[in-house]
Each structure stands twice: as structure tokens, then as C-alpha cells.
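Here are the chains, one letter per residue:
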Amino acid sequence: MDATTKVTLFSILMLFWSHAECNHLLHPLDPLTPSELNLVRTIVQNFYPTSQNLTFHYVGLDEPNKPEILKWLSSNNSKIKPKPRPPRRAFAVVRFQKQSHEITVDLSTHSIVSTKDCEGNGNPMLTFGEQAVASQLPFSYEPFKESLKKRGLNTSQVVCACFTIGWFGEGKTKRNVKVKCYYANDTANLYARPLEGVAAVVDLDDMKIVGYNDRYVVPVPKAEGTEYRASKLKPPFGPKHKGIAVTQDGGPGFTKDGHSVSWANWNFHVGFDIRAGPIISLASIYDLQKQRHRRVLYKGFIPELFVPYQDPTEEWYYTTYFDSGEYGFGQSMSSLQPLNDCPPNAAFIDAYYAGSDGTPVKIANAFCIFEKYAGDIMWRHTEISIPNEVITEARSDVSLVVRIVSTVGNYDYVIDWEFKPNGCIKIGVGLTGILGLKAGTYTNTDQIKEDIYGTLIADNTIGIYHDHFFTYYLDLDIDGEANSFVKSNLETVRVKDDTTPRKSYWTVVSETAKTEADAKINLGSKPSELLVVNPNKKTKQGNKIGYRLLPGPVAHPLLLNDDYPQIRAAFTNYNVWVTPYNKSEKWVGGSYVDRSRGDDTIAIWSLRSVIY
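Residues numbered from 1 in each chain as written. Predicted model: local features only at pLDDT ≥ 70, side-chain atom pairs only at ≥ 80, totals over all residues. Heavy atoms only, no water.

- By the naming in an unreviewed UniProt entry, the protein chain goes by Amine oxidase and is assigned to Glycine soja.
- In its Sequence similarities (unreviewed entry) section, UniProt records this for the protein chain: "Belongs to the copper/topaquinone oxidase family."
- Check the Subunit (unreviewed entry) section of the UniProt entry for the protein chain; it says "Homodimer." (UniProt positions renumbered as here; feature names shortened; annotations may be inferred.)

Digging into the confidence of the model for the protein chain
Then, in step 1: The predicted model of the protein chain has a mean per-residue pLDDT of 92, with 94% of residues at 70 or higher.
Then, in step 2: Across residues 1-7, confidence stays below pLDDT 50; counting only partners more than four residues off in sequence or on other chains, it has 40 contacts.
Then, in step 3: Segment residues 11-24: pLDDT under 50, and 54 contacts once partners within four positions in sequence are set aside and those in other chains are kept. (pLDDT = per-residue confidence, 0-100. Contact = heavy atoms within 4.5 Å.)

Remarks on the domain arrangement of the protein chain
Then, in step 1: As assigned here, the protein chain comprises domain 1 (34-117) and domain 2 (128-232).
Then, in step 2: A separation of 37 Å is found between the C-alpha centroids of domain 1 and domain 2. (Domains from an automatic or database assignment.)

Here's the deal with the sheet that holds strand S2 (residues 55-61)
Then, in step 1: Reading across from one edge, S2-S3-S4-S5 is the order of the four strands in this open sheet, with antiparallel pairing throughout. Lying at the two open borders of the sheet, with one neighbouring strand each, are S2 and strand S5 (111-117). The average undirected angle you get between the axes of adjacent strands in this sheet is 20 degrees.
Then, in step 2: As judged from the six bridges shared by strand S4 (residues 99-106) and S5, these two strands associate in the antiparallel manner. From the neighbouring strand, Val-105 faces S5, where its bridge partner is Ile-112.
Then, in step 3: The strands that helix H1 (residues 34-47) touches are S2, strand S3 (89-96), S4 and S5; relative to S2, the one it contacts most, it runs at about 130 degrees. (Pairing = 2+ DSSP bridges. Helix = DSSP H or I, 4+ residues; strand = E, 2+ residues; numbered from the N terminus. Axes fitted to C-alpha atoms, helices over the stretch in contact; angles between N-to-C directions.)

Section: helix H4 (residues 142-151)
Then, in step 1: Within H4, burial applies to Phe-144, Ser-147, Leu-148 and Arg-151. Viewed end-on, H4 has its buried residues packed into an arc of 95 degrees, placing them on one side of the element. Within H4, the exposed residues directed more than 90 degrees away from the buried face are Lys-149 and Lys-150.
Then, in step 2: On its buried side, H4 packs onto strand S6 (158-164), strand S7 (176-183), strand S8 (198-203) and strand S9 (208-214).
Then, in step 3: One or two steps after H4, the chain reaches Gly-152, where phi turns positive at roughly 70 degrees. (Buried < 20%, exposed > 50% of the residue type's maximum accessible area, 1.4 Å probe, protein only. Arc of directions from axis to C-beta.)

Dropping the structure here:
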């Protein structure tokens, strides 16, 4: 990887407005509209002899190649006649007769461009439709009825859900999931009342139960204290707060044109994908001195979120979720509530995805965009050295936030993309919702004589240890595509010159990655700075133009490298990976994650030995 190679940066962190649907009005990166989703559905259904067993698992924009987008963008921003928009296409993954198929549709000609039968390991993400059907199968299954009767439970108060089961060395796998259940009697907090020891195995292709376990009986945790709905709560309540007004008398400080947003010195595009959720593209910042916008980020999104639980017992060992590739981070996005999820000055955007039958599904208020000011300081200085004068200058830290919430099962993930006038892009992750809980026999820690793989948090209730690994795809275009990745290490130097009393100092030693192996970074081993620079663009003083990656607290996976979940999630082995740009390499956990085997991840891509 030499100094002119374009790189795509992956960083591991622990941690819209409605518009006309005429193609000539759409930005090339706009998400598919409801009419386009319907068109894809019609074209694909007509392609198959019968659509009775056809299900849609992914429908999204088949983005034009990056050079096409950049040429169109360049001509659109110049005085010459703008180039026509690149062809508008959709990419679909469907399941038909127990086989996955990839289909590319040209939306302007209403035709299929290409089809491909998917080979290899792994399956497309689960649809809400098939999960809903599978979760109802136990209620007509006699052994399950007996399990409920044995426990004295009211069937009408039982709720079931689907859980992916991963891969643990099997030679041949099917699209199986486990269905586990909860007792929701007297509470909406069903996750606090698991029906432990009981699980059905469902074949999603045949949609039938192919296995069943009822291994033991433990008490269902009690419902007392588990209610979270404010309308149902009784005193004593939490502390009262005096209201804090957030107003903008002149209206919002940002403008939008379709999905393109302008604010302060930033321009960027907000997109949506059923699997990834929010996509931020074409972010550029205006340079007052140069009187033009300068490119920063071509595209950023969350390609995967790995959540491994740490209970190796029969009922839990497979609980190692991939919330994007298995469940769909985008289709799991929730409708945001004004004044609670977002402040009063927020504007909201709807999103649409294709349901399992291909019809558009609307997520109302899927995005909110708002200007944020929390009383923080962006920059300030007080100067008192000048005789008879005190100078104080301060700049308030106002930023623009794009926010979504994705609710995957029991967890609600709050994702913020925050743009600051000083040129920073801050990525925020908030984790809320409800713990994934296990029922047990213990009511006090004094009773515990073995590893329970978690913490006893209430009577008969264990919170299982687990991780959340967020992965970000960041295709940085710092002043153009010719970018390089630089690691600047802070190294101690012993002073050998006896003319100074100092014995040591530290200096910066920079390393430019030449291969993908050079760019695998585990943070925290020694002090360093990570930069993406454009070696062809320099400041007046000769320094390379670049951006720094400023990670927050970092953590590393604690599973063994040969453990099956870690093989599938090998993208968490390093905090930072850098690869040459490749449009097809955007899902770090592989194109097909459900029951995958780790043979199509960034850990495999980066084994290429060629020097760039």
C-alpha cells in the first residue's frame, strides 16, 4: 500500500423528508422509495414461475461505482453542463425453493440485469415475517403445551421469539433457529421472565419444528418491580426535573434537499439500508480560506454488531448474535418519539424497507436531525499578559446530530452522527433497553457455589455476561481518494547530549502502512496517533493533509481465536483494519452471516500478501 493508495478504514469500538419519487429528482445515493420497492417486487415475482415460496431478505440500492458518483458530483458542482445521473439500480437477495438468489434490477428499464445463485456457507438475514410465523409454531406443538401445563402457566400470557444459533463446526447446516419463550403475565417486561430450559428448533425453510428440549424446571422470575411503562408505575417516582427549553426562533439552522443536508460549513447525504441502517455519505467541509468545500468522508455506516454471551451451557452457548447480518440493523430501527428520543427542535425523516413479501414497510420518524447545544465550549482563551487589558474569546460548541434508534430484541441502540464546525465528526453509541436474562434457582449470592456466568440481579434472575462490538466502515476521502494510513507512535528517547540536564523526552515516529497486515491495529499497547492522510496535498509548511481517528475507551475480545463464535467474528480481533477500496467488501462479517463459518470476513480479505 503506497502513499497514493485509497484506503477504507474499519474501526471497532466498544462501547426522509418525503420527496418526489421521479428518478430524475433522486440523488444517486438516495435510498429506494416505496414505488421503487414495489417495482422490484413486481419484477422479481414475475421472474419466478410461482412466487408462493418466494421471500425477500434484502432489497437495497445497488450503488453506482464510486468513480461514477464522484464524476457526477464534480460536474454537478461546476459551471459545465451536469452529467446525467448514473443508472438507478436495486440489489435484492431472495429465497426461493430453499436457495438464496442475488438479483440486480435496472429501475429505469424495469428489467433484470443479473441473477446469481448464492453458493458457499451462510444465509441471508432473517425477515420479520418468518420470525413471526416461527415464533407461533410452539403453541400448536403438543410437547410445548405439556411443558406449559407442567409449570402451571397460562398459554395466553406466553410470548416466544426467534434466536439465531450460529455455527459450531457442523459439516452441513440448515436455516434453523431456536424459539425460546417468556411469561409476560402482569408485566410488559417479558425479557425479565424467561421460561428457562425450554426451546424449540425451527427449520425456517420448511417452517416446522425439527427439535425440542425441556431439560429442567426452574421458577419463572416474579413480575414485581419489572414494569417500565410510566403510565403503569405507582409512587414513589423518580426525581422531578424543571423543564429546559430548546428553541430556535428562526427555525432550523440546517437545510435539506431530498436526503442532502447542509449545515454551517458541512454538506453530507443521509441514506438508509435495511441491513446497515443509517448511511452517511459525501461529507465535505467548507474552507473559508480556499473558498470551496473539501472532501472528508465518502461513506460511513455500521456493517456489523457482534454480541456474544458468555454462558457455555446447553441453553445459552449459541447465543452469539450478529445484529446487522442476522437481524438487520435497518429493519430494526424504531420510530423516534418527539421530545423524548429527540429534542423539540428536531426534524424527522421516514424510512422504507421491503418486507418478507417485498411490499414496502414504513418506519415513521426513523431519523431525527437537530442542532445541539448543551452549554459546552468548543474553544476559548483568556489573555492577561497584555498590560492593562484582559481579552477573553470563547466559541460555543454547537453541533448537528443525525440520530436513529435500532431495537434488536431486548436492546435499544442509540446511534448518533455528530458534525462539528471545527471539522470533527463524532460517532456516538448509546446502549439502553432491557438486559438479556436467565432464570435460575438462586435468590441470594450466598447460595452460589459455581460459576453462573453472570450476576444475580433479582430472585431467580441472572444477568449473563456479554459484549457489544460495534464496527464502523469509514471510507475517508481526505481532499481526494489518494489516501494513506499512518500510525504515529510516541516513543521515548534518552538524551545523550551532556549539555542539558534533561535525561529523556518523547518524539513522534510515523509509519505508513504498506500492506494490509501493517495496518492491523490493537489500540492501547503503546501511545500512538492514527491518521488518514493525503500525501499529495500539503499545507503551506509542507505537512500532509489528514484526519485523526480519536477512539474512546477500547476493549478486545476475550474469546479464544479458535472458538467458533470468534472465528465468525474475527473482525473484532483488531480495533482497526485498513483495506484498499473495494465496493464489494463492505460487510466485515461476510455477505451472508446467519450460520456463517468465518470464511468471508475482513480477517480473510486482509490475508492478501500483495504489496500496494
